[in-house]
Amino acid sequence: MSLRIGILGAARIAPAALIKPASSVSPVSVTAVAARSRDRAQAFATRHGIPRVFAGYDELLADPDIDAVYNPLPNGLHGRWTLAALAAGKHVLCEKPFTANAAEAREVAQAAAASDRVVMEAFHYRYHPLALRVEEIVASGELGSLQRVETALCFPLPKFSDIRYDYDLAGGATMDAGCYAVHMARVFGGETPSVVSASAKLRSPRIDRAMTAELRFPSGHTGRIQCSMWSSSLLKLSAKVIGSRGSIRVLNPVAPQAYHRVSVRVGDARRTEKFPRRASYAYQLEAFAAAVLEGAPVKTSAADAVETMTVIDEIYRAAGLPPREPS
């Protein structure tokens, strides 16, 4: 059995997120790419050894020799083209954030549930042994009852013409970096939280360059997410889970391929756990292939994405900003 994947858009993330890991995940082959112009698609295909080129996304979706699509389009286009791919009978690996807002996520989730296709949101960190181990430690009760979860993803993006600062394409720090922080808070906190408060630093009237939000989980523990694309916190990738008996600190929880480490403290005892440096994108692609070819469960399903987008919408509203809209 094989899984033939086409790429919607000649996106910069595609080589690391799909093309390179596909070379080591044997059931998967990247067979086609489409872009808004055929020349751009051809240049991308030539550079990355992709055999087939389409001048438009609809043409790629209509091809019966393509089993699934990878959707790395701008945020505001994720929902529209995931729905189109489902209507064409394709499985979908969609980059995060899943859609522009929660309402659109619910629409896609309903379409996914009504189909027999796999729809996976590309939170690659979720499939890495590090995330699975943190989840395991929290669930074991070793830390005692949960008290607080803090997650952060901050990186510098001083190119303000980048589409990630474009409201019309559903941009903003909470969408691009914050979706990771929100998702990690949900996973490591074990529940979907509500938003207590949020504070944004603005690049323009509707675009956040940084965001901090306080959270409360249904079971009573609290949380905080921090994210930025331009702020005094130039680079911060971390997660912390605090319980009544101990805590976990995670270094580089979402970096695709880096020095990953989990530090656990329980009472006076401390230990550090390290993990393989294999790219999290490879684990993600293996999980996608297993879901499509073997019916394996998906951890980052469309239904899961609805929860994340609901929190993101709440953060924007709490900060006095509008939720994003589809392009």
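What counts as what
- Residues numbered from 1 in each chain as written.
- Predicted model: local features only at pLDDT ≥ 70, side-chain atom pairs only at ≥ 80, totals over all residues.
- Heavy atoms only, no water.
- Helix = DSSP H or I, 4+ residues; strand = E, 2+ residues; numbered from the N terminus.
- Buried < 20%, exposed > 50% of the residue type's maximum accessible area, 1.4 Å probe, protein only.
- Contact = heavy atoms within 4.5 Å.
- Patch = residues over 30% accessible without salt bridge, like charges linked within 9 Å, V, L, I, M, F, W, Y side chains within 5 Å.
- Areas by Shrake-Rupley, 256 points an atom, 1.4 Å probe, with all protein chains shown as cover.
- Salt bridge = Lys/Arg side-chain N within 4 Å of Asp/Glu carboxyl O.
- Arc of directions from axis to C-beta.
- Polar contact = N/O pair within 3.5 Å; in protein donor to acceptor, adjacent residues only side chain to side chain.
- Core = buried A, V, L, I, M, F, W, Y, C linked by side-chain atoms within 4.5 Å.

Chemist: What am I meant to see in unusual backbone geometry here?
Modeler: In most cases, non-glycine residues show a negative phi, while peptide bonds are predominantly trans. With an omega of -10 degrees, the peptide bond between Lys96 and Pro97 qualifies as cis. If you trace the backbone, Pro97 turns up in the loop between β5 (91–94) and α5 (102–113). We note that Asn252 has phi near 55 degrees; this positive angle belongs to a residue other than glycine. Checked against the element boundaries, Asn252 lands in the loop between β12 (246–251) and β13 (261–266).

Chemist: Just checking my understanding: could you explain helix α1 (residues 14–22) for this structure?
Modeler: One turn of the α-helix equals 3.6 residues, which is why residues spaced by three or four share an orientation. Restricting attention to buried positions, one finds in α1 the residues Ala14, Ala17, Leu18, Ile19, Pro21 and Ala22. Packing partners of the buried residues in α1 comprise β1 (3–8), β2 (28–34), α2 (38–48), β4 (68–71) and α9 (280–294).

Chemist: Just checking my understanding: could you explain a nonpolar patch on the surface for this structure?
Modeler: A surface patch of nonpolar side chains, about 310 Å² in accessible area, is lined by Trp230, Leu234 and Leu235. Position of Leu235 relative to the elements: it lies in the loop between β10 (222–228) and β11 (236–243).

Chemist: I'm lost on the pattern of salt bridges in this one. Help?
Modeler: When the charged atoms of two side chains lie near each other, side chains of opposite charge can form a pair. Applying the stated criterion across every chain, the model contains 19 salt bridges. The salt bridge partner of Asp65 is Arg4, with a shortest N-O separation of 4.0 Å. In this pair, Asp65 is assigned in the loop between α3 (57–62) and β4 and Arg4 in strand β1, connecting sequence segments 61 residues apart. For Asp65, a relative accessible area of 42% gives the class partly exposed. Accessibility expressed as a relative area gives 27% for Arg4, which makes it partly exposed. A salt bridge links Asp162 to Arg164, with the shortest nitrogen-to-oxygen separation between them at 3.0 Å.

Chemist: I keep staring at the environment of Asp168 and nothing clicks. Help me out?
Modeler: Inspection of the secondary structure puts Asp168 in the loop between β7 (146–154) and α7 (173–176). Take Asp168: its relative accessible area is 54%, and that puts it in the exposed class. In the structure, Asp168 is positioned 159 residues away from Ser327 in sequence and 6.0 Å away in space, judged by C-alpha atoms. When near neighbours in sequence (up to four residues on either side) are disregarded, Asp168 contacts Arg206 and Ser327.

Chemist: Help me out: how do you make sense of α2 in this one?
Modeler: Among all positions in α2, only Ala41, Phe44 and Ala45 are buried. Across the axial projection of α2, the buried residues extend over an arc of 100 degrees, all falling on one side. Looking at α2, the residues exposed on the side facing more than 90 degrees away from the buried face are Asp39, Thr46 and Arg47. Looking at the packing, one finds that the buried side of α2 touches β1, α1, β2 and β3 (52–54). Residue Gly49 follows α2 closely and has a positive phi angle near 70 degrees.

Chemist: What exactly am I supposed to notice about the side chain of Ser231 here?
Modeler: With respect to the helices and strands, the residue Ser231 is situated in the loop between β10 and β11. Side-chain polar atoms of Ser231 contact the side chain of Ser228, separated by 2.9 Å. A distance of 3.2 Å separates a polar side-chain atom of Ser231 from the backbone nitrogen of Ser233. Each residue touching Ser231, except ones within four places of it in the same chain, is listed here: Arg209 and Ala210.

Chemist: Would you take a moment to explain the nonpolar core for this structure?
Modeler: Side chains of nonpolar character tend, in soluble globular proteins, to be buried together. Core analysis: the largest hydrophobic core is formed by 79 residues, its most contacted members being Leu60, Tyr125, Phe188, Ile225, Ile248 and Ile315. When residues no more than four places from it in sequence are discounted, the contact partners of Tyr125 are Ala131, Tyr180, His183, Met184, Val187, Phe188, Pro253, Val254 and Ser280.

Chemist: Help me out: how do you make sense of the environment of Ala10 in this one?
Modeler: Mapped onto the elements of the fold, Ala10 is located in the loop between β1 and α1. Look at Ala10 and you get buried, because its relative accessible area is 10%. A C-alpha to C-alpha distance of 6.2 Å links Ala10 and Ala41, two positions 31 residues apart in sequence. Residues in contact with Ala10, not counting those within four places in the same chain, are Ala34, Ala35, Arg40 and Phe44.

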